[in-house]
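Spelled out, the chains give:
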Amino acid sequence: MGLTPRKIGRLLKRGTLQHVSHGWYASNGADETLVLAARTHTRVGCLSAAQFHGLWVPKPRLGFDGKPHPIGTMTSYIPTRYGPPSEMHVLVNKHESSSEVRDRVRKVTGGRTKACVHRQQGDKGQLIASVEEAIEQVVRCHDWETALIVIESALHLKKVSEAWVLAMLERLPRTRAKKLHAFQLGSESGTETRVAHYLRSRGLQVRQQVALTPDIRVDALVGQSLVVESDSFEYHGSRDAYVKDRWRAGAIEKLGYNVVSLSYEQVWDYWNATTRMLNSLIDQRKHLRTVRDWFGD
């Protein structure tokens, strides 16, 4: 930034800058994840980098005491402005000791952050992996569902192109890439990805972001008549919007569709019970009902 040592000294005295580590300074309000990477001489990668770039990643469920919900099974990796993440995926060069890096992160954060270490050569002057690097790291290191969620989120946000995803999958072992070739372009959240791919795994036709009327678009239409909405207050904005969704469900049912609204908790904390419920609806052929078109004929 063109700051001389003298100017840096004045900013440090004034409290405008803080000295993080050799060669690194941070302004007030700097992202905690990047500060932690600079302080521990690592780079942010994989799921942590994916979230930093705005991609959808599953979040841990927290109880009122701030600890992970005992029912939740998701990995905890949420950098926030309120402090260091509970888990951070970091990239280190080949010669570095993984245990020393983990100890460094644990010491700097007072034990609040667990480091998941990935080995990848890179420039320590770049504190975070690019969005393309992050996606490929997730795809290579995590289960297929997590990889699909990150891929579909990146496509929805136009962070990468479909052609880039296909080229990236070509670099993977065939057995790992096989399921990932099923990626779709319609998911707007990881919750929608999980639900849609589960229903497709049952051999059902699932269309996403379908316009039932000029004014009503639904997350997923299964078969002819089963509408599945992936709702949650966290991801659907204000409470007014949440209430509006309930009125909207009534209008969809009036057309003859069967409507199921799934909360974030149902999809991520109680998934086994939720799949049993969805299976029951399919067994009852709720997806094969004849419906009226939007103008009422």
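Heads up: the structure comes first, above all this text.
Parameters at a glance
Residues numbered from 1 in each chain as written. Predicted model: local features only at pLDDT ≥ 70, side-chain atom pairs only at ≥ 80, totals over all residues. Heavy atoms only, no water. Pairing = 2+ DSSP bridges. Helix = DSSP H or I, 4+ residues; strand = E, 2+ residues; numbered from the N terminus. Axes fitted to C-alpha atoms, helices over the stretch in contact; angles between N-to-C directions. Contact = heavy atoms within 4.5 Å. Buried < 20%, exposed > 50% of the residue type's maximum accessible area, 1.4 Å probe, protein only. Parallel < 35°, antiparallel > 145°, perpendicular 65-115°, else oblique. Left-handed = near helix turned anticlockwise from the far one by under 90°. Nonpolar A, V, L, I, M, F, W, Y, C, P; charged D, E, K, R; others polar. Right-handed = clockwise from strand over helix to strand, strands pointing away. Core = buried A, V, L, I, M, F, W, Y, C linked by side-chain atoms within 4.5 Å. Phe/Tyr/Trp six-rings, centres within 6.5 Å; stacked < 30°, edge-to-face > 60°.

Draft legend 1. The sheet that holds strand β7 (residues 217-222), seen in detail. An order of β6-β7-β8-β9 is seen for the four strands of this open sheet, with the pairing classed as mixed. Among the strands making up the open sheet, the edge pair consists of β6 (206-211) and β9 (258-262). Geometrically, the sheet is characterised by an average inter-axis angle of 35° between neighbouring strands, direction not taken into account. In this sheet, β7 lies alongside β6 in antiparallel orientation, the contact comprising five bridges. Bridged to Val210 within β7 is Val218. Packed on one face of the sheet, helix α9 (residues 190-201) meets β6, β7, β8 (226-230) and β9 and runs near 130° to β6. Where helix α12 (residues 271-283) meets the sheet, its contacts fall on β7, β8 and β9, and the angle it forms with β9 comes to roughly 175°.

Draft legend 2. A look at unusual backbone geometry. Non-glycine residue His41 carries a positive phi angle of around 55°. With respect to the secondary-structure elements, His41 resides in the loop between α2 (32-39) and β3 (43-44). You can call His41 partly exposed: its relative accessible area is 40%. Unlike most non-glycine residues, Lys158 shows phi in positive territory, near 60°. Take Lys158: it is sitting in the loop between α6 (144-156) and α7 (162-170).

Draft legend 3. Structural context of the packing of α9 against α12. One way to put it is that α9 packs onto α12 with a least axis distance of 12 Å and a crossing angle of 45°. In this view, α9 runs oblique relative to α12, as classed from their interaxial angle. Crossing of α9 over α12 shows right-handed handedness. Contacts between α9 and α12 involve Arg194, Val195 and Tyr198 from the first element and Trp271, Thr275, Leu278 and Asn279 from the second. Classifying every residue of the contact of α9 with α12 by side-chain character gives four nonpolar, two polar and one charged.

Draft legend 4. Region of interest: the pairing of strand β2 (residues 24-27). The pairing of strand β1 (residues 17-21) with β2 spans four bridges and is classified as antiparallel. Bridge assignment links Leu17 to a residue of β2, and that residue is Ser27. The hairpin turn running from β1 into β2, its antiparallel successor, is two residues long, and Gly23 in that turn takes a positive phi close to 85°.

Draft legend 5. Representation of the pairing of strand β5 (residues 114-119). Here strand β4 (residues 87-92) runs beside β5; their pairing, made up of six bridges, is parallel. Across the sheet, the residue bridging to Val90 is Val117, located in β5. Of the crossover connections in this fold, the one passing from β4 over helix α4 (residues 98-108) to the parallel β5 is right-handed.

Draft legend 6. A look at the nonpolar core. In this structure, Ile135, Val139, Val150, Ile151 and Leu169 are the most contacted members of the largest nonpolar core, which totals 42 residues. Put simply, the parts of the chain that give this core at least two residues each are α2, α3 (46-52), β4, α4, α5 (131-141), α6, α7 and α8 (174-180). With six residues, the top contributor of residues to this core is α6. The next biggest cluster of nonpolar side chains, apart from the first, holds 20 residues, and it includes Leu199, Leu204, Tyr264 and Trp268.

Draft legend 7. Representation of the packing of α6 against α9 within the structure. Viewed as axis vectors pointing N to C, α6 and α9 meet at an angle of 125°, and their least axial separation amounts to 9 Å. One element, α6, and the other, α9, form an angle in the oblique class. Pair α6 / α9 crosses with right-handed handedness. Taken together, the residues of α9 that come into contact with α6 (itself represented by Glu145, Leu148, Ile149 and Glu152) are Gly190, Thr193, Arg194 and His197. Tallied by class, residues from the contact of α6 with α9 come to two nonpolar, three polar and three charged.

Draft legend 8. Structural view of the packing of aromatic side chains. Applying the stated rule across the entire model yields four aromatic pairs. Where Tyr198 meets Trp271, the ring centres are 5.6 Å apart and the plane angle is 80°; that geometry is what we call edge-to-face. A residue pair is termed long-range when its members are at least 10 positions apart, and Tyr198 in helix α9 and Trp271 in helix α12 qualify at 73 residues. With relative accessibility at 15%, the residue Trp271 sits in the buried group. Centre to centre, the rings of Tyr264 and Trp268 are 6.4 Å apart; their planes meet at 45°, and the pair counts as tilted. Here the residue Tyr264 and the residue Trp268 both occupy positions in helix α11 (residues 264-268), the gap between them amounting to four residues, near one helical turn. Summarising the burial analysis for this pair, Tyr264 and Trp268 share the class buried.

Nothing here speaks to function; it is all geometry.
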